[in-house]
Amino acid sequence: MRDVTEARESELQLRRSREHLAHAQRVAGIGSFERDLRTGRVEWSDETYRIYGLSREGGPLDVAGIEAMTLPEDRERF
């Protein structure tokens, strides 16, 4: 019973931490992403999707997709 209680408490703390991060990103107007260098898998925060004007259903853009959305005069710097 103790292990289950500890696991539930850990899950609750993790959920609260994620909610806090999402709220902070909304307030600040910044997003975040993670990229697994081994698999190439990319995960975006909700705020990153909002910034790019995309939905989660389409999944995160790869580098080529982001470059395509970048203004031509900014692409070299990108």
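Please read all numbers here as calculations on a predicted model, not as lab measurements.

A. Just the packing of aromatic side chains, in detail. On inspection of all chains with the given rule, the structure shows 2 aromatic pairs. On the basis of an interplanar angle of 25° and a centroid distance of 5.1 Å, the ring pair of Trp44 and Tyr52 is categorised as stacked. Put simply, the rings of Trp44, Tyr49 and Tyr52 touch in pairs and so form one group of aromatic residues.

B. Structural context of the side chain of Ser45. Mapped onto the elements, Ser45 comes out in the loop between strand E2 (42-44) and helix H2 (46-52). Among the polar contacts made by the side chain of Ser45, one reaches the side chain of Thr48 at a distance of 3.1 Å. What Ser45 contacts, discounting residues up to four positions off in sequence, is Gln25, Gly31, Ser32 and Arg56.

C. Examining the layout of surface pockets more closely. Counted as a void, the largest pocket has a volume near 350 Å³. Counting residues per element, the ones that place at least two in the lining of the largest pocket are helix H1 (2-28), strand E1 (33-35) and E2. By residue number, the principal contributor to the lining of the largest pocket is H1, which donates 4 residues. Within the lining of the largest pocket, the residues separate by chemical class into 4 nonpolar, 3 polar and 5 charged. Computed from the structure, the second largest pocket encloses a volume of approximately 210 Å³. Mapped onto the lining of the second largest pocket, the elements with two or more residues apiece are E1, E2, H2 and helix H3 (63-69). Taken together, the residues of the lining of the second largest pocket sort by class into 8 nonpolar, 2 polar and 2 charged.

About the criteria used
Residues numbered from 1 in each chain as written. Predicted model: local features only at pLDDT ≥ 70, side-chain atom pairs only at ≥ 80, totals over all residues. Heavy atoms only, no water. Phe/Tyr/Trp six-rings, centres within 6.5 Å; stacked < 30°, edge-to-face > 60°. Helix = DSSP H or I, 4+ residues; strand = E, 2+ residues; numbered from the N terminus. Polar contact = N/O pair within 3.5 Å; in protein donor to acceptor, adjacent residues only side chain to side chain. Contact = heavy atoms within 4.5 Å. 1 Å grid on protein atoms, 1.4 Å probe; cavity = no way out; pocket = protein on both sides within 12 Å on 5 of 7 lines; lining within 4 Å. Points joined across faces, edges and corners; volume = space filled by probe spheres on them. Nonpolar A, V, L, I, M, F, W, Y, C, P; charged D, E, K, R; others polar.

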